[in-house]
Amino acid sequence: GISDEDRVSAAVTVRAREGRVRALFSEALTADPGLSGEIEVSWVLEAGRVVEVEVVSDSTGAPHLAEALQRILRRWRFAPDLAGEFSWTFAVRAS
């Protein structure tokens, strides 16, 4: 399994890069102010690089948003010693 330390390391990276995701969601909310929900994604890391991203669940009703989120995640780099499967849930709602 993945150690707690590795989970924390991955979470730190997600939080550091979450601004891009918030920008994506903000653009989507401008186009559709009623948009809300959550997108849960999982991704597989090998040596800190994202090699696979999957949408586990999406309650937004906006598949294009989940696809854009997958593209963003594929570009992220994590600590080089991280490997394994991680997941995160991103909330989409007007602030």
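Heads up: the structure comes first, above all this text.
Here is a short report on the structure shown in this document. (Residues numbered from 1 in each chain as written. Predicted model: local features only at pLDDT ≥ 70, side-chain atom pairs only at ≥ 80, totals over all residues. Heavy atoms only, no water.)

## Re the overall build of the protein chain
Along the protein chain, the regular secondary structure elements total 2 helices and 3 strands. Going from N to C terminus, the protein chain has its helices and strands arranged as α-β-β-α-β. Computed over its C-alpha atoms, the radius of gyration of the protein chain comes to 13 Å, within 12% of the 12 Å expected for a compact globule of 95 residues. Reported as C-alpha extents along the three principal axes, the dimensions of the protein chain are approximately 40 × 20 × 20 Å. A total of 95 residues make up the protein chain; the buried ones form 39% of that total. With 11 positive and 15 negative side-chain charges, the protein chain shows a separation of 7 Å between the mean positions of the two kinds. (Helix = DSSP H or I, 4+ residues; strand = E, 2+ residues; numbered from the N terminus. Rg over C-alpha atoms; globule rule 2.2 N^0.38 Å. Buried < 20%, exposed > 50% of the residue type's maximum accessible area, 1.4 Å probe, protein only. Lys, Arg positive; Asp, Glu negative; His and termini not counted. Charge placed at Lys NZ, Arg CZ, Asp CG, Glu CD.)

## Concerning the pattern of salt bridges
Taken as a whole, this structure holds 1 salt bridge when the rule is applied. Arginine 22 is the salt-bridge partner of glutamate 18, the closest N and O atoms lying 3.8 Å from each other. Taken together, the positions of glutamate 18 and arginine 22, both in helix α1 (residues 4-31) and 4 residues apart, correspond to about one turn of that helix. We classify glutamate 18 as buried; its relative accessible area is 18%. (Salt bridge = Lys/Arg side-chain N within 4 Å of Asp/Glu carboxyl O.)

## Overview of the pairing of strand β2 (residues 49-58)
It is a general feature of regular strands that their side chains alternate between the two faces of the sheet. The pairing of strand β1 (residues 37-46) with β2 spans 8 bridges and is antiparallel. Residue pairing in the sheet places tryptophan 43 in a bridge with valine 53 of β2. (Pairing = 2+ DSSP bridges.)

## Quick look at helix α2 (residues 63-75)
For α2, with 13 residues, the first-to-last C-alpha span of 19 Å sits near the 18 Å given by 1.5 Å per residue. For α2, the complete set of buried residues consists of Leu65, Ala66, Ala68, Leu69, Gln70, Ile72 and Leu73. Packing partners of the buried residues in α2 comprise α1, β1, β2 and β3 (84-92). (Expected span 1.5 Å × (residues − 1). Contact = heavy atoms within 4.5 Å.)

## Focus on the environment of valine 55
Relative to the helices and strands, valine 55 is located in strand β2. Note on valine 55: relative accessible area 26%, which makes it partly exposed. Spatially, the C-alpha atom of valine 55 lies 21 Å from that of aspartate 32, the residues being 23 residues apart in sequence. In this structure, valine 55 is in contact with Ile39, Glu40, Val41, Ala66 and Gln70, ignoring residues within four places of it in sequence.

## Looking at the packing of α1 against α2
Look at α1 against α2: their axes get within 11 Å of each other, and the N-to-C directions meet at 160°. On the basis of the axis angle, α1 is roughly antiparallel to α2. Both α1 and α2 take part in a crossing whose hand is right-handed. Side by side, α1 and α2 meet where Arg20, Val21, Leu24, Phe25 and Ala28 of the first sit next to Leu65, Ala68, Leu69 and Ile72 of the second. Classifying every residue of the contact of α1 with α2 by side-chain character gives 8 nonpolar, no polar and 1 charged. (Axes fitted to C-alpha atoms, helices over the stretch in contact; angles between N-to-C directions. Parallel < 35°, antiparallel > 145°, perpendicular 65-115°, else oblique. Left-handed = near helix turned anticlockwise from the far one by under 90°. Nonpolar A, V, L, I, M, F, W, Y, C, P; charged D, E, K, R; others polar.)

In short, the description is geometric, and any link to function would need to be established separately.
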